[in-house]
Amino acid sequence: MSAAIGIHGAHRAFGDQVVIDGVDLELPSGSVTVVLGPSGSGKSTLLRAINHLEPLDRGVVTVGDETIGVRVRTGRGGVPRYKELPERLILRQRSRIGFVFQHFELFPHLTALENVAEGPIAAGVPAATANARAQELLERVGLGDRGATRPRQLSGGQQQRVAIARALALDPSVVLLDEPTSALDPELVGEVLGVIRALAGSGTTLVIVTHEVAFAREVADHVVFLDHGRVVEQGPPAQVIDAPQHPRTRDFLSRVR
Ligand code: ADP
Ligand code: MG
């Protein structure tokens with residue numbers, strides 16, 4: 001299988017706090033990767049780097065066969081430096097990656113359908129086509145009858161399902177989900193996990209940051225445990241979740257279960 005996402009030598013610091021400290025990952029096309037790790041371990045920063053919402057200081061991120069950021073040598077014997085791609089390419093690459101945020105981030109003044117159709121319309125898809133596709137996506141997340149509703153009239157679980165439909169609107173090759181259920185009341189978590197479970201079964205490449213360990217064991221092909229910006233342990237769930245080798249992984253799992 002080809003890599004849908006590659007991360008090589010990723011590094012990011014805020015001031016003198018190193019947040020991503022030499023991460024290398026290869027995520028095969030069609031795979032479901034769950035990223036686990038304590039609060040502050042760099043999970044969101046890593047996900048945001050893949051989508052270009054945060055730059056890296058150094059490292060290379062590839063999506064499909066395209067490079068998102070490149071390390072270049074500056075000057076003779078110069079220090080490798082992370083160089084951003086032109087905005088035009090960043091936007092094109094971002095359109096191939098869906099992103100689902102912890103707090104949904106829907107446009108409050110748009111209806112559910114408009115939230116889903118807005119990206120494709122902005123990208124030049126004719127409105128009738130974009131609206132029909134948005135309706136299909138709302139049906140897929142169980143909200144086919146809520147298209148005319150504004151976000152504040154929807155429950156948190158429904159809003160997150162609209163956000164997932166929106167993330168799928170441009171037929172992305174990868175969907176990144178950053179703690180998609182952690183802002184939800186407990187009784188609403190199941191409906192969102194159900195939608196993600198169906199997505200995982202459909203062959204879309206997913207990267208999910210979550211503390212839902214039982215869910216991770218069920219859907220993940222690959223589990224990555226991140227601590228202090230480093231990949232401490234990675235492998236199939238039967239290894240990382242059921243038989244963790246590293247004390248920090250064991251300690252984390254004992255606290256979230
Ligand atoms: P996680 O998602 O695993 O909880 P984050 O990637 O959000 O971790 O953050 C990792 C660390 O980087 C935290 O200590 C956080 O405070 C810090 N951090 C994240 N974003 C910024 C920023 N824009 N400016 C300064 N510090 C940041
Ligand atoms: Mg986070």
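For the structure itself, consult the block above.
Bear in mind the structure is a predicted one, so any value in this text is a computation, not a measurement. (Residues numbered from 1 in each chain as written. Chains lettered and ligands numbered in written order. Predicted model: local features only at pLDDT ≥ 70, side-chain atom pairs only at ≥ 80, totals over all residues.)

### A closer look at the site of ligand 1
Near ligand 1 the following residues occur: Phe14, Val19, Gly37, Ser39, Gly40, Ser41, Gly42, Lys43, Ser44 and Thr45. Sort the elements by how many residues they give to the shell around ligand 1 and helix α1 (residues 43-50) lands first, with 3 residues. Classifying every residue of the shell around ligand 1 gives 2 nonpolar, 7 polar and 1 charged. (Near = placed C-beta within 6 Å. Helix = DSSP H or I, 4+ residues; strand = E, 2+ residues; numbered from the N terminus. Nonpolar A, V, L, I, M, F, W, Y, C, P; charged D, E, K, R; others polar.)

### Brief notes about α1
Summarising burial for α1: 6 of the 8 residues are buried, a large majority. Where α1 is concerned, the buried positions are Lys43, Thr45, Leu46, Leu47, Ala49 and Ile50. Downstream of α1 by one or two residues, His52 has phi in the positive range, about 70°. (Buried ≥ 20, exposed ≤ 12 C-beta atoms within 10 Å, placed from the backbone.)

### Description of the pairing of strand β2 (residues 17-28)
With 9 bridges joining them, strand β1 (residues 3-14) and β2 adopt antiparallel strand pairing. Counterpart to Ala3 in the pairing with β2 is Pro28. Taking the residues between adjacent antiparallel strands as the criterion, β1 and β2 are bridged by 2 residues, where Gly15 takes a positive phi near 60°. (Pairing = 2+ DSSP bridges.)

### Some thoughts on unusual backbone geometry
Phi angles above zero are rare outside glycine, and His52 is one such case at about 70°. When you line up the elements, His52 lands in the loop between α1 and β4 (58-63). Exposure remark for His52: the 21 C-beta atoms within 10 Å place this residue in the buried category. Unlike most non-glycine residues, His228 shows phi in positive territory, near 50°. Examined against the element boundaries, His228 turns out to sit in the loop between β10 (222-227) and β11 (230-235).

### Focus on the environment of Phe101
By the element assignment, Phe101 lies in the loop between β7 (97-100) and α3 (112-122). Here the alpha-carbon distance between Phe101 and Ala167, two residues 66 residues apart in the chain, equals 9.8 Å. In contact with Phe101, other than residues within four places in its own chain, are Ala163 and Asp178. (Contact = placed C-beta atoms within 7 Å.)

### Brief notes about the packing of α3 against helix α5 (residues 156-167)
Where α3 meets α5, the axes come as close as 8 Å, and the angle between the chain directions of the two elements is 25°. The angle between α3 and α5 falls in the class roughly parallel. In terms of crossing hand, the pair formed by α3 and α5 is right-handed. Residue-level inspection shows Ala112, Asn115, Val116 and Gly119 of α3 in contact with α5, the latter providing Val162, Ala165 and Arg166. Tallied by class, residues from the contact of α3 with α5 come to 4 nonpolar, 2 polar and 1 charged. (Axes fitted to C-alpha atoms, helices over the stretch in contact; angles between N-to-C directions. Parallel < 35°, antiparallel > 145°, perpendicular 65-115°, else oblique. Left-handed = near helix turned anticlockwise from the far one by under 90°.)

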